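Structural overview for review
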Amino acid sequence: MTSNVKETFSLPSRPPNQTRGTAAPGRTPGPTALAAKVRTMAPSMTRSMQRVAEAVAGDPAGCAQLTVTGLAERTGTSEATVVRTSRLLGYPGYRDLRLALAGLAAQQESGAAPAVTADIAVDDPIGEVVAKLALDEQQTLADTAAGLDTAQVEAAVMALTAARRIDVYGVGASGLVAQDLAQKLLRIGLVAHTHADPHLAVTNAVQLRAGDVAVAITHSGRTVDVIEPLRVAFDRGATTLAITGRPEGEIAQYADHVLTTSTARESELRPAAMSSRTSQLLVVDCLFIGVAQRTYETAAPALSASYEALAHRHSPRPRAR
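Residues numbered from 1 in each chain as written. Predicted model: local features only at pLDDT ≥ 70, side-chain atom pairs only at ≥ 80, totals over all residues. Heavy atoms only, no water.

Moving on to the packing of helix H3 (residues 47-58) against helix H6 (residues 79-88). Viewed as axis vectors pointing N to C, H3 and H6 meet at an angle of 70 degrees, and their least axial separation amounts to 9 Å. Relative to H6, the element H3 lies roughly perpendicular. Along the contact surface, H3 presents Ser 48, Met 49, Val 52 and Ala 53, while H6 presents Thr 81, Val 82, Arg 84, Thr 85 and Leu 88. Partitioned by chemical class, the residues of the contact of H3 with H6 number five nonpolar, three polar and one charged. (Axes fitted to C-alpha atoms, helices over the stretch in contact; angles between N-to-C directions. Helix = DSSP H or I, 4+ residues; strand = E, 2+ residues; numbered from the N terminus. Parallel < 35°, antiparallel > 145°, perpendicular 65-115°, else oblique. Contact = heavy atoms within 4.5 Å. Nonpolar A, V, L, I, M, F, W, Y, C, P; charged D, E, K, R; others polar.)

Okay, structure coming up:
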């Protein structure tokens, strides 16, 4: 975004993590969500924190037996690093992480199948490519579902249901997901728009106010063209939602509700844009179904009307002779 546009529409930013008291309380991740959180958060951690995360994910039973000092010694880090890692994974402290580790170990001992991922090689036959992608997609969806804070999802659904107007921001692969959410909401009678032009997104965000909702979709959590309009919407008083794979990213500073997505392991032939899209679409579908449930009396007729209006476009045309 050019500097003159930023100067025109910039508003005083709020301090990091300052909200208006509307955010739903978070929940401590359960044992199933722990492994998903490690896969999601590890790439953005410091190397020392990664060692702690990899240790607890690789040997939950062994680490559950260790004190904070013992885990610090095992990973060659400090007690402070262990505590910071615990908090980044969503636990108030190391004691809560140990309880989750014990639960995860119990699940594994009960015979639950371990998560498996496989990189796609340049010379893989297409049959293996299909199988590996399907496996990774399944794991990504399972990780996202396990890591989603349902209280945050519920709060987001309620905000969308009551919204006077909804703006959705996203660029690149996330822009395609933003379009998907906007058109789904439009088809059940809500006023929802997305903007491919980041300048237009900002100028529209300026028009938002209390009672409106702005949704930002960014896997990295630091996409400037998505952060900028969400910040403007936040400062204008709109309720703001962030769908991101990096809940500690800058985007969270301007989000009343954060919905965390997961991604499969990246590789040369499977970039982040592929796996992040899968998890983002799951979250979008959860929001859409949640809103449709709560507005069923109006959503069902609106959806039927949209199908009817487009029906003639799906009818086979007579072949020319």
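Still more to cover.
It is worth spelling out helix H5 (residues 68-75) at this point. Among all positions in H5, only Gly 70, Leu 71, Ala 72 and Thr 75 are buried. Each element contacted by the buried residues of H5 is listed here: H3, helix H4 (60-64), H6 and helix H7 (94-109). A positive backbone phi angle near 65 degrees is found at Gly 76, which sits one or two residues after H5. (Buried < 20%, exposed > 50% of the residue type's maximum accessible area, 1.4 Å probe, protein only.)

Extensive coverage of strand S4 (residues 239-244) is indicated by the burial of five of its six residues. In this structure, strand S3 (residues 213-217) lies alongside S4, joined through five bridges in parallel fashion. Considered in S4, the bridge of Val 213 is made with Thr 239. Regarding the hand of the β-α-β motif, the stretch spanning S3, helix H12 (residues 224-236) and S4 is right-handed. (Pairing = 2+ DSSP bridges. Right-handed = clockwise from strand over helix to strand, strands pointing away.)

Further remarks concern the nonpolar core. Counting residues in each nonpolar core, the largest one holds 30 residues, and the members touching the most others are Ile 166, Val 215 and Leu 287. Only helix H9 (150-162), strand S1 (166-169), helix H10 (173-187), S3, S4 and helix H13 (272-294) provide two or more residues apiece to this core. If near-sequence neighbours (up to four positions away) are discounted, Ile 166 is found in contact with Leu 160, Leu 185, Leu 190, Val 191, Ala 192, His 193, Val 213 and Val 215. (Core = buried A, V, L, I, M, F, W, Y, C linked by side-chain atoms within 4.5 Å.)

Further remarks concern H6. Within H6 the residues assigned to the buried category are Thr 81, Val 82, Thr 85 and Ser 86. Down the axis of H6, the buried side of the element spans an arc of 140 degrees, and every buried residue falls inside it. If you follow the buried residues of H6, they end up packed against H3, H5 and H7. Gly 90 lies just past H6 and shows a positive phi near 105 degrees. (Arc of directions from axis to C-beta.)

Another point: the confidence of the model for the protein. Scored by pLDDT, the protein has a mean of 82; 81% of the residues are at 70 or more. Mean pLDDT values for the elements of the protein range from 37 in helix H1 (residues 3-9) up to 98 in S1. Taken together, the stretch residues 21-25 has pLDDT below 50 and engages in 12 contacts with residues farther than four places along the chain or on a different chain. Ignoring residues within four places in sequence, the model shows residues 113-117, a span with pLDDT below 50, making six contacts including any to other chains. (pLDDT = per-residue confidence, 0-100.)

What follows covers the environment of Ala 233. Among the secondary structure elements, Ala 233 is positioned in helix H12. With 26 residues separating them in the primary sequence, Ala 233 and Gln 207 have C-alpha atoms 8.2 Å apart. With residues up to four places along the chain from it excluded, the contact list for Ala 233 reads Tyr 169, Ala 205, Leu 208, Ala 214, Ala 238 and Thr 240.

Across the sheet, five strands lie side by side as S2-S1-S3-S4-S5; this open sheet has parallel pairing. At either margin of the open sheet sits one strand with a lone partner, and together these are strand S2 (192-194) and strand S5 (257-260). Averaged over all neighbouring strand pairs, the angle between strand axes comes to 20 degrees, with direction disregarded. The strands touched by H9 within the sheet are S1, S3, S4 and S5, with S5 carrying the most contacts at an inclination of about 125 degrees. In the packing of H12 onto the sheet, the strands contacted are S1, S3 and S4, and the crossing angle to S3 comes to about 160 degrees.

This paragraph deals with the pattern of salt bridges. Using the criterion set out here, one finds nine salt bridges in the structure. In this structure, Lys 184 engages Asp 285 in a salt bridge whose closest nitrogen and oxygen atoms are separated by 3.6 Å. Separated by 101 residues along the polypeptide, Lys 184 in helix H10 and Asp 285 in helix H13 bring together distant segments of the chain. Take Lys 184: its relative accessible area is 18%, and that puts it in the buried class. Here Glu 228 ties to Arg 231 by a salt bridge, and the two come within 3.2 Å at their closest N and O atoms. Of this pair, Glu 228 and Arg 231 both sit in helix H12, three residues apart, which is roughly one turn of that helix. Taken individually, Glu 228 and Arg 231 each receive the classification buried, so the pair is uniform in this respect. (Salt bridge = Lys/Arg side-chain N within 4 Å of Asp/Glu carboxyl O.)

Another point: the side chain of Arg 165. Among the structural elements, Arg 165 can be located in the loop between H9 and S1. Given the relative accessible area of 14%, Arg 165 is considered buried. The contacts of Arg 165, once residues within four sequence positions are left out, are Val 191, Asn 204, Gln 207, Leu 208, Gly 211, Asp 212 and Val 213.

When you line up the elements, Ala 178 lands in helix H10. For the pair Ala 178 and His 193, spaced 15 residues apart in the sequence, the C-alpha separation amounts to 8.9 Å. Beyond its immediate stretch of four places on either side in the chain, Ala 178 contacts Val 168, Tyr 169, Gly 170, Thr 194 and Ile 217.

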